[in-house]
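# Summary of the model geometry
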Amino acid sequence: MKEKIKILVVDDEEVVCRSVNRILSKEGYRVDEALRPEVALEKMKGAGYDLVFTDWKMPGIDGMELIARIKEIRPETDIVMITGYSSIESAVKAMSLGAFNYIPKPFTPNELSNITARAIERRRLLREERSKAEKTYVIFEYVMPDDLYYLPEHAWVRVGEGKEVAEIGIDDVYQKTIGRITKIDLPEPGGLVTQGNPYAEIHASGERIYQSFSPISGMVAEVNQELKRDAGLVNKDPYGKGWIARVNPSSLEEDLKNLLHGDAVIKWWLKREIIERRQENYVNVVALDPKFKFEIAAEPGGEKIRSCFACGTCTAICPVREIDDEYNPRKIIRMALLGMREEVLASNFIWLCASCYSCEEYCPQGVKFTEVINAIKNIAVREGHIPPSFITQLELIRTHGRLYPIDDFDNKKRKKEGLPPIRMEAGGAERTYELSGLKKMMTKTVRPSP
Ligand code: SF4
Ligand code: SF4
């Protein structure tokens, strides 16, 4: 397997190229070197590489530009930026241009070998996620709460009230790509941590040791003692019980400027998908509306939408799904959380729910999906997205006061029971439609026929 992975190292210092080559070749990878970025670009046009390590500071084309140009030629290439310790800002910028990650200088053979293994594992995981996504619209299944700050694909920060203490940990993508965590060497309380620099050593299966970089600077106030007993808590609950340390920040405002907050990290992911041109037909990032989930949460019944962690239990239990595999409650929630407002409101799916409440019984997060879907329908109706079949039914009730015609047979039966006959020309709902605003809504409909 390893001999199939082709790696290119780009650095104007021959000694760096040589040592990266030596370390990774020994592990069985196929490694090539380029002392100039122009040479690297030529090589990329040829056979291409799975993974590129590039220095940032180089004469002529620098590392940032090289990342952008490699992504133009071979979007699927993973790139690791080799950078100085303190340049986290540039590291994040490199990642937003499509680099997979960064490795600070000086690095050890172990660190180099581990980041390579992580890049390969991430490739495998993303390939898996993308093949699932073909049917679900959901590009990745990584969980990223939207109230945290992120050093993307690495660490998170939860800022406490008063901003005197911030909790830090590693994010879902990172924990998934390093595998099962067996031990964590925690920092000492009272010690200092610096943004972008290692502060904890993470031991994972396969005897690999990874450095975890702190997303902020400050003094360690407390460490999570539970991790000494069970380091796997980070795998099980990376944003909750798996927190690593609490820090008294020294330059929080400045540090946060280098990180991504909440929704921004989701957009960042989607943008990377587009940079890598792997799913360009799926999501128009610019059209995403991050406020959509709050809009749903503000509707009666929609309050708990943000608690959904995409487990899929609702989809597994849904009887409508049994007969129509296009219908997928989890997909609807994921689209709504991603901010695909127009796609959700105009879709046919939201009208297929039979309101049986089965999913609510089983949702481990207490998301009341039936109410959530009603909240979404209410917004859809206000914006004129009413299916034509519903409009026809509303018209029947408005003009005749009922959905089904009354014929002589019904009236004969009523007479037998001593009831008065019913006349179809009742038209009694007209005034109700006007007073309730329903008439206006019906004329507003913008929904094209399905
Ligand atoms: S069961 Fe609940 S948490 Fe799981 S996907 Fe459905 S709504 Fe989300
Ligand atoms: S309430 Fe709707 S989504 Fe939930 S199980 Fe029933 S039909 Fe499916």
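Just above, that's the structure.
In this report, we go over the structure that sits alongside the text. (Residues numbered from 1 in each chain as written. Chains lettered and ligands numbered in written order. Predicted model: local features only at pLDDT ≥ 70, side-chain atom pairs only at ≥ 80, totals over all residues.)

## Looking at the pairing of strand 13 (residues 218-223)
Within a regular strand, the side chains alternate between the two sheet faces. As paired strands, strand 10 (residues 192-193) and strand 13 are joined by 2 bridges and run antiparallel to one another. Bridging from a neighbouring strand, Leu192 pairs with Met219 of strand 13. The pairing of strand 13 with strand 14 (residues 245-249) spans 5 bridges and is antiparallel. Residue pairing for strand 14: Met219 is matched across the bridge by Asn248. (Pairing = 2+ DSSP bridges. Helix = DSSP H or I, 4+ residues; strand = E, 2+ residues; numbered from the N terminus.)

## Structural notes on the sheet that holds strand 11 (residues 198-204)
Here 3 strands make up an open sheet; going across it, the order is 9-11-12 and the pairing antiparallel. With one partner strand each, in any of the chains shown, strand 9 (181-185) and strand 12 (208-213) form the two edges of the open sheet. The sheet shows a mean angle of 25° between the axes of neighbouring strands, taken without regard to direction. As judged from the 4 bridges shared by strand 9 and strand 11, these two strands associate in the antiparallel manner. In the sheet register, Asp185 faces strand 11, and the bridge partner there is Glu201. (Axes fitted to C-alpha atoms, helices over the stretch in contact; angles between N-to-C directions.)

## Points about the nonpolar core
Judged by nonpolar contacts, the single largest core of 73 residues is most densely connected at Val80, Met81, Ala99, Ile168 and Ile244. Per element, the largest residue contribution to this core is 5 residues, and it comes from helix 1 (residues 14-26). Per-domain counts for this core show at least three residues from each of domain 1 (2-136) and domain 2 (149-261). (Core = buried A, V, L, I, M, F, W, Y, C linked by C-beta atoms within 7 Å. Buried ≥ 20, exposed ≤ 12 C-beta atoms within 10 Å, placed from the backbone. Domains from an automatic or database assignment.)

## Details of the site of ligand 2
Near ligand 2 there are 15 residues, and of these Cys318, Cys353, Cys356, Ser358 and Cys359 occur at the shortest range. Elements with a minimum of two residues in the shell around ligand 2: helix 12 (313-317), helix 13 (319-323), helix 16 (358-362) and helix 17 (369-382). Of the residues assigned to the shell around ligand 2, the class counts are 12 nonpolar, 3 polar and no charged. (Near = placed C-beta within 6 Å. Nonpolar A, V, L, I, M, F, W, Y, C, P; charged D, E, K, R; others polar.)

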